[in-house]
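Chain residues, written in single-letter form:
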Amino acid sequence: MNICRTKQQLRLAIRDAQKHQQTIGFVPTMGYLHEGHASLLREARSDNDVVVLSIFVNPMQFGPNEDLDRYPRDEERDLALAASCGVDIVFLPSVEEMYPKKPLTTIKVEEVTSRLCGASRPGHFDGVGLVVSKLFNIVQPQRAYFGMKDAQQVAVIEQMVQDLDMNVDIVHCPIIREPDGLALSSRNVYLSAKHRMEATTLSKSLNKLHHQLKDNNKMTSDECVAFITNEIITNTSGEIDYVELLHYPSLTAVQDRLSIAESFENQRFIVAVAVKFGTTRLIDNALFQVGEVIERV
Ligand code: AMP
């Protein structure tokens, strides 16, 4: 496994792959890797000649009162997991390497960023857009892999790639969960035992909603949101940041009080939640396709 700490080292490694006409699959992460990241790496491994993993905790996507300083890190363990997934190149830049000077260019994707994490974390997706654009320019991958755990991020990146004619295929990967349903996240290590137990309510409430919708597709968007909100309030001590039901991938609001079946005929919608347990903010979501029955996709 080739470990590159500078853009120069990485560019040389990439040039070598390009010279041999090899396809490059890219998985950008912030490290502290878990099975969710591993699933992206395995998918990239099966689709491409060369797999590039980046590990970079990007300061530009953290707000002033967020957890940049205490974001978990474990380089040694990350490298072992990367090797076990067949990664060829790991890019591990420092902040100075990525941002030698304060960047004066912004990447602002409008509309898809106006709700959910875009609303509660102002500037977050500008930081994501900037770092992902830089990484795409350095790595020049044919394919890049993103988890649907961050469904809004996927929508933002796809919009950016389309708007800027970036020559890369965005591959969506499903959410990987613990056996009890909790979506894997690097931040789960911060949960107290009590919060860890309560946090399963996020996925459980999404599952319960799916069962309800299968039986009763006359539910309205407001009723779905109220159902999830009530589950979280009843079963956890967490503080709700948002519970929303939106079109996907446009992430636009539902305009009326029609039933889910009428609002989204043959379309997809997302139910997304963000809840703070102490200082740890967790997100989860479920994507649904409306047809004869409302199915999870
Ligand atoms: P992060 O290191 O949290 O920035 O995540 C890097 C990539 O891994 C992103 O595309 C995430 O969506 C993806 N990812 C994180 N957690 C999971 C998970 N539980 N299942 C699938 N993908 C995930």
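Please refer to the structure placed before this passage.
Residues numbered from 1 in each chain as written. Predicted model: local features only at pLDDT ≥ 70, side-chain atom pairs only at ≥ 80, totals over all residues. Heavy atoms only, no water.

A few words on the overall build of the protein. Along the protein, the regular secondary structure elements total 11 helices and 10 strands. At 20 Å, the protein has a C-alpha radius of gyration in line with the 19 Å of a compact globule built from 297 residues. Across its three principal axes, the protein shows a C-alpha extent of roughly 55 × 40 × 35 Å. Put simply, the protein has 297 residues, and 54% of those count as buried. Considering only residue pairs separated by 6 or more positions, the protein has 72% of its internal contacts joining residues 24 or more positions apart. With an accessible surface of roughly 14,300 Å², the protein has 48% of that area assigned to carbon and sulfur atoms. Treating the 31 positive side-chain charges of the protein as one cloud and the 39 negative ones as another, the clouds have centres 5 Å apart. (Helix = DSSP H or I, 4+ residues; strand = E, 2+ residues; numbered from the N terminus. Rg over C-alpha atoms; globule rule 2.2 N^0.38 Å. Buried < 20%, exposed > 50% of the residue type's maximum accessible area, 1.4 Å probe, protein only. Contact = heavy atoms within 4.5 Å. Areas by Shrake-Rupley, 256 points an atom, 1.4 Å probe, with all protein chains shown as cover. Lys, Arg positive; Asp, Glu negative; His and termini not counted. Charge placed at Lys NZ, Arg CZ, Asp CG, Glu CD.)

Another point: the site of the ligand. Not every one of the 17 residues close to the ligand is listed here, only the nearest: Met30, His37, Asp150, Ile176 and Leu184. Between the ligand and His37 there is a distance of 2.9 Å, counted from an oxygen atom to a side-chain nitrogen or oxygen. Residue Ile176 places a main-chain N or O atom 2.9 Å away from a nitrogen atom belonging to the ligand. Burial of the ligand by the protein chains amounts to 93% of its free accessible area of 480 Å². At the level of secondary structure, the elements contributing two or more residues to the shell around the ligand comprise β2 (24-29), α2 (35-47) and β5 (143-147). Among the elements that line the shell around the ligand, the one with the most residues is α2, at 3 residues. Of the residues contributing to the shell around the ligand, the split by class is 9 nonpolar, 6 polar and 2 charged. (Near = heavy atom within 4 Å. Polar contact = N/O pair within 3.5 Å; in protein donor to acceptor, adjacent residues only side chain to side chain. Nonpolar A, V, L, I, M, F, W, Y, C, P; charged D, E, K, R; others polar.)

Locating Cys4 in the fold gives a position in strand β1 (residues 2-4). A residue is classified by how much of its surface remains accessible, and Cys4, at 1% relative accessible area, is buried. With 50 residues separating them in the primary sequence, Cys4 and Ser54 have C-alpha atoms 9.4 Å apart. In this structure Cys4 touches Gln9, Leu10, Ala13, Ile89, Val90, Phe91 and Leu92, once residues within four positions along its chain are discounted.

The omega angle of the peptide bond from Tyr248 to Pro249 is 10°, so this bond is cis rather than trans. The residue Gln21 is not glycine, and still its phi comes out positive at about 55°. Classification of Gln21 by relative accessible area gives exposed; the value is 70%. Not every positive phi belongs to a glycine, and Asp165 is a case in point at roughly 50°. When you line up the elements, Asp165 lands in the loop between α7 (151-163) and β6 (169-173).

This part takes up the packing of helix α6 (residues 124-139) against α7. Interhelical geometry of α6 versus α7 gives an angle of 55° and a closest axis separation of 11 Å. One element, α6, and the other, α7, form an angle in the oblique class. Read as a crossing pair, α6 and α7 show a hand that is right-handed. Contacts between α6 and α7 involve Phe125, Val128, Gly129, Val132, Ser133 and Phe136 from the first element and Gln152, Gln153, Val156, Ile157, Met160 and Val161 from the second. Looking at the contact of α6 with α7 residue by residue, the class counts come to 8 nonpolar, 4 polar and no charged. (Axes fitted to C-alpha atoms, helices over the stretch in contact; angles between N-to-C directions. Parallel < 35°, antiparallel > 145°, perpendicular 65-115°, else oblique. Left-handed = near helix turned anticlockwise from the far one by under 90°.)

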